[in-house]
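# Commentary on secondary and tertiary structure
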Amino acid sequence: MTELKPYRLSDEQIELRDAVRRLARERIAPRAAEVDRSAEFPWDNKELLASQDILALPFPVEYGGLGADLLTVCLAIEALSAACATTGLILAVHELAALPIVSKGTPEQRQRWLPDLAAGRTLISFAITESGAGSDAGSIAMRATREGDEYVIDGAKRFITHGSIADLVVVFAVSDPGAKRHRNLSCFVVETNRPGFSVGRLEHKMGIRGSPTAELLFDAVRIPAGNRIGDEGEGFAVAMSTFERSRPGIAAQAVGIAQGALEFAAHYANERIQFGKPIAEQQMVQGLLADMDASTEAARQLTYAACAAIEAGDGDAARWAAVCKLVAGDAAMRVTTDAVQVLGGYGYLGEFPVERMMRDAKITQLYEGTQQIQRLVVARSLLGRS
Amino acid sequence: MRIVVLVKPVPDTTGQERLGSDLRVDRAGVPAVVNANDEYALEAALKLVEAAGEGEVILLAMAPAAAPETLRKALAMGAQRGVLVTDPALAGSDMLTTIRVLAGALRRLEYDLVIAGADTSDGGGGVVGAGLALAVGLPYLSYAAKIEPSADRVVVHRISPVGYDVIESSLPALVVATQALGEPRYPSLKGIMAARSKEIVTWSLGDLELGDLAVGGAVATTAVVEAHKPPTRAATRVIREPAAVAARQVVEFLTDRRLI
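Just so it is clear, the model here is predicted, and its values are computed rather than measured.

### Describing the overall build of chain A
- Summing up its helical and strand segments, chain A has 10 helices and 10 strands in all.
- For chain A, with 386 residues in total, the buried portion stands at 52%.
- In chain A, 75% of the contacts between residues at least 6 apart in sequence involve partners at least 24 apart.

What follows is the structure, given as structure tokens:
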């Protein structure tokens, strides 16, 4: 059993969160419906996040970042996602995809890539999933063949968030086909302007529609050996340690989506008159709203506690990451579904934001490991098996 | 280019009650924000210093002791430092005293330009800028839609009923900003973090050479005699129909009341 680390938001964290909240409310929320409808990446929002240093949050100070801890990054993701889940995901992906460079990169690799990422001049995406390797990341087929001072990358990745717009892609490929499962993968940074790299199909999605999800094709893409992150064979371990810090980001996105839906539903309930009074005066509506609030708050507190524990170096970071993503993803789905219920037929219409939030919430139960994978991680920790 | 910007912490206008039982603004009970018009003045000052490539923006406020919390928000936008004049004796001061005290503070500062907001959302008097120019002996350039300083002159486009007047003066001078100067920026996260370590100097009345100036509510030349809540409005009717249907209903609504 792991210890709960006490946490309390610092004055600085509250100030940063409130600044992001204000930006989200005034600048990002008004664009959210259009981003969803057009299914186009909101470059203006990305520029806004860059100019306000929000994309700099997760990066070390020496590379132009703000050196924020995991909890602070999650506060920002939550605040953005309450307005627009697609925009919250811009920060979440930027943070998670750069993690292998931040945590395992050499000083030279960090110096090469992190300053541009921290300034938001470049975007990065994280490519582990393949059509035949989803939850089972150990069955990756992409090959990385060493030739002198280079690796030649061959294969395809699928479901890659920001894959079509990123300047850098972090890929996981088999570098030693003879090695045991989980020991045959290595992690590489591939610049997307290299010959042989191309974008295949772009997925048509239920939610987070402004966020491009791409198939990436690698046809004998040559990269310098210096683009490998960590040692040969260390790829699987790099990926798993990334999830320990990326899943709380998705939990924060889920909490944000839930909060956005809760606030809209409560506002609507106070305005909508039926039977001669606001529906907020109906006990059944109050019950729905109270449960939504309780679920959202529980998910939020667990996510913050998980961030604090992971940041403090808790020995069971994987469990903390999994429990918060599991609880927050389910809370977001339930709360957004109930928000649609509070609005009744209007909730089902595109002119109100809650149906978008309900569609957006679903992804938080799927990516960064499905809810079933989270349960697997939690159960393994609980039962003392690895 | 050194610019002093007058900044006033005012009660958040999104709050509920704003007057205390003595009919004075309840500064303790309502969270304070930077007066919105002062943010336009600050934005103009920041742009001028950025364009000049050198210099600094100094905030000047006369406010209760808790004001640094609010001034940090203005520092986060990019001002370099703040000066706060605070003294328990100043509570309840009128605009005349405010002018005299701020004039005392300005005499202690070096600057090329003072920029003030058009008015404040709490008192709403709108005369402190003009009075301060008079008290310190600065040229007064009001209602600026554009501010163009040169080495020792400043040209201002002053909004007029038919367009604008081009007025010019020597430096230092006092300019009253308008919203036509441009939207204030959002503080960046780096700005917010940097603001935590920026200097806010606190001066009390004793630090200013004001002689035996009487201050505070007891000598105020103005007083709030009565305050009334605005009359409650009739119930709002919200029309949630497609545009074509909604437009017809709006027209019917207005026609019924002989408004169109």
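### Some words on the pairing of strand 5 (residues 81–85) of chain B
All names here are of chain B.
- In terms of burial, strand 5 is largely enclosed, as 4 of its 5 residues are buried.
- Chirality of the crossover, the property in question, places the unit of strand 4 (residues 56–62), helix 2 (residues 68–77) and strand 5 among those that are right-handed.
- The pairing of strand 5 with strand 11 (residues 200–203) spans 4 bridges and is parallel. Looking at the pairing, L84 lines up with T202 of strand 11.

### Some details on the interface of chain B and chain A
- With 9 residues of chain B at the contact, the number on the chain A side is 11 residues.
- Grouping the constituent residues of the side of chain B that touches chain A by class yields 6 nonpolar, 1 polar and 2 charged.

### Quick look at the nonpolar core
- In this structure, A339(A) and V5(B) are the most contacted members of the largest nonpolar core, which totals 189 residues.
- No other element matches the 18 residues that helix 8 (residues 317–343) of chain A contributes to this core.
- Look past the residues within four positions of V5(B) in its chain and what remains in contact with it is D38(B), A41(B), L42(B), A45(B), V57(B), L59(B), A79(B) and I115(B).

### Things to note about the packing of helix 3 (residues 70–83) of chain A against helix 7 (residues 283–311) of chain A
All names here are of chain A.
- Here helix 3 crosses helix 7 at 150°, and the two axes come no closer than 8 Å. When the interaxial angle is binned, helix 3 and helix 7 end up roughly antiparallel. Contacts between helix 3 and helix 7 involve L70, L71 and C74 from the first element and T303, Y304, C307, A308, I310 and E311 from the second.

### Regarding helix 9 (residues 354–363) of chain A
- The buried fraction of helix 9 of chain A amounts to 8 of the 10 residues, a majority that puts the element mostly inside the structure.
- Listed as buried for helix 9 of chain A are V354(A), E355(A), R356(A), M357(A), M358(A), D360(A), A361(A) and I363(A).

### Concerning the sheet that holds strand 6 (residues 113–116) of chain B
Residues and elements named next belong to chain B.
- The strand order 9-8-7-10-6-1-4-5-11 describes an open sheet built from 9 strands, whose pairing is mixed. A single partner strand is all that each edge strand has here, and the edge strands are strand 9 (163–170) and strand 11. Between one strand axis and the next, the sheet turns by 35° as a mean value, whatever way the strands run.
- Note: strand 1 (residues 2–6) against strand 4, 5 bridges, orientation parallel. Counterpart to I3 in the pairing with strand 4 is V57.
- Relative to strand 1, helix 1 (residues 36–52) is tilted by about 175°, and along the sheet it contacts strand 1, strand 4, strand 6, strand 7 (140–149) and strand 10 (173–177).
- Sheet contacts for helix 4 (residues 128–136): strand 6, strand 7 and strand 10; angle to strand 10, the most-contacted strand, approximately 175°.

### Concerning the environment of D36(A)
All names here are of chain A.
- The residue D36 is located in helix 1 (residues 11–38) in this model.
- Taking the C-beta count within 10 Å as the criterion, D36 has 23 such neighbours and is therefore assigned buried.
- Note: C-alpha distance between D36 and M206 (170 residues apart in sequence) is 9.8 Å.
- Ignoring sequence-local partners within four residues, the contact set of D36 consists of R209, G210 and R356.

### With respect to the packing of helix 3 of chain A against helix 6 (residues 235–271) of chain A
Residue and element names in this part refer to chain A.
- The N-to-C vectors of helix 3 and helix 6 enclose an angle of 35°; their axes lie 7 Å apart at closest approach. Along this stretch, helix 3 crosses helix 6, giving a crossing that reads as right-handed. Here L70, V73, C74, I77, E78, A79, L80, S81, A82 and A83 of helix 3 come into contact with helix 6, specifically with R245, P248, G249, A252, Q253, V255, G256, I257, Q259 and G260.
- A per-class count over the contact of helix 3 with helix 6 returns 12 nonpolar, 6 polar and 2 charged.

### Considering unusual backbone geometry
- Cis geometry marks the peptide bond from L171(B) to P172(B), where omega comes out at -5°.
- Note on placement: P172(B) falls in the loop between strand 9 and strand 10.
- Positive phi is not limited to glycine here, since F159(A) has a value of about 60°.

### With respect to the confidence of the model for chain B
- Taken over all residues, the pLDDT of chain B has a mean of 92, while the share at 70 or more is 99%.
- Among the prediction metrics, the complex's ipTM stands at 0.85, with pTM recorded as 0.89.

### Let's talk about the pairing of strand 7 (residues 213–224) of chain A
Residues and elements named next belong to chain A.
- With 9 bridges connecting them, strand 3 (residues 150–161) and strand 7 associate as antiparallel partners. Following the sheet pairing, V152 is matched in strand 7 by R222.
- Sheet analysis places strand 6 (residues 197–202) next to strand 7, joined by 4 bridges and oriented antiparallel. When the bridges of strand 7 are listed, F197 appears paired with F218.

### Re the environment of M284(A)
- For M284(A), the position within the fold is in helix 7.
- Of the residues examined, M284(A) has 9 C-beta atoms within 10 Å and is grouped as exposed.

### Side note on helix 5 (residues 107–118) of chain A
All names here are of chain A.
- Taking 1.5 Å per residue as the helical rise, helix 5 with its 12 residues ought to reach 16 Å, and the 15 Å between its terminal C-alpha atoms agrees with that figure.
- Of all the positions in helix 5, only R110, W113, L114, L117 and A118 are classed as buried. Summarising the axial view, the buried residues of helix 5 lie within an arc of 125°, below the 170-degree limit, and thus occupy one face. Exposed residues pointing more than 90 degrees away from the buried face of helix 5 are listed as E108 and Q111.

Cut-offs applied
- Each chain carries its own residue numbering, running from 1 in the written order of its sequence.
- Chains carry letters and ligands carry numbers; both start at the beginning, A for chains and 1 for ligands, and go up in the order they are written.
- Side-chain atom pairs in this predicted model are given and counted only at pLDDT of 80 or more, local residue features only at pLDDT of at least 70, and totals for whole chains, interfaces and linings cover all residues.
- Every helix listed is a DSSP run of H or I at least four residues long, and every strand listed is a run of E at least two residues long, numbered separately from the N terminus.
- Exposure classes come from backbone-placed C-beta atoms, where a residue is buried if 20 or more other C-beta atoms lie within 10 Å of its own, exposed if 12 or fewer do, and partly exposed in between.
- We call two residues in contact when their backbone-placed C-beta atoms lie within 7 Å.
- Classification remark: right-handed applies to a crossover when, strands pointing away from the viewer, the course from the first strand over the helix to the second runs clockwise.
- For two strands to pair, DSSP has to find at least two bridges joining them.
- Basically, the charged four are Asp, Glu, Lys and Arg, the nonpolar ten are Ala, Val, Leu, Ile, Met, Phe, Trp, Tyr, Cys and Pro, and anything else, Gly included, counts as polar.
- Each nonpolar core consists of buried Ala, Val, Leu, Ile, Met, Phe, Trp, Tyr and Cys residues. Their C-beta atoms, within 7 Å, join them into a set.
- All axes are obtained by fitting lines to C-alpha atoms, using only the stretch in contact for helices, and the reported angles, taken between N-to-C directions, cover 0 to 180 degrees.
- Angles are sorted into four bins: roughly parallel if under 35 degrees, roughly antiparallel if over 145, roughly perpendicular if 65 to 115, and oblique for all others.
- Note on convention: the crossing is left-handed when the near helix lies turned anticlockwise from the far helix by less than a right angle, right-handed when the turn is clockwise.
- Note: pLDDT gives the predictor's confidence per residue, expressed from 0 to 100.
- Under the convention used throughout, the expected extent of a helix is 1.5 Å for every residue step, that is, one less than its residue count.
- Throughout, the arc means that of the directions going from the helix axis to the C-beta atoms.

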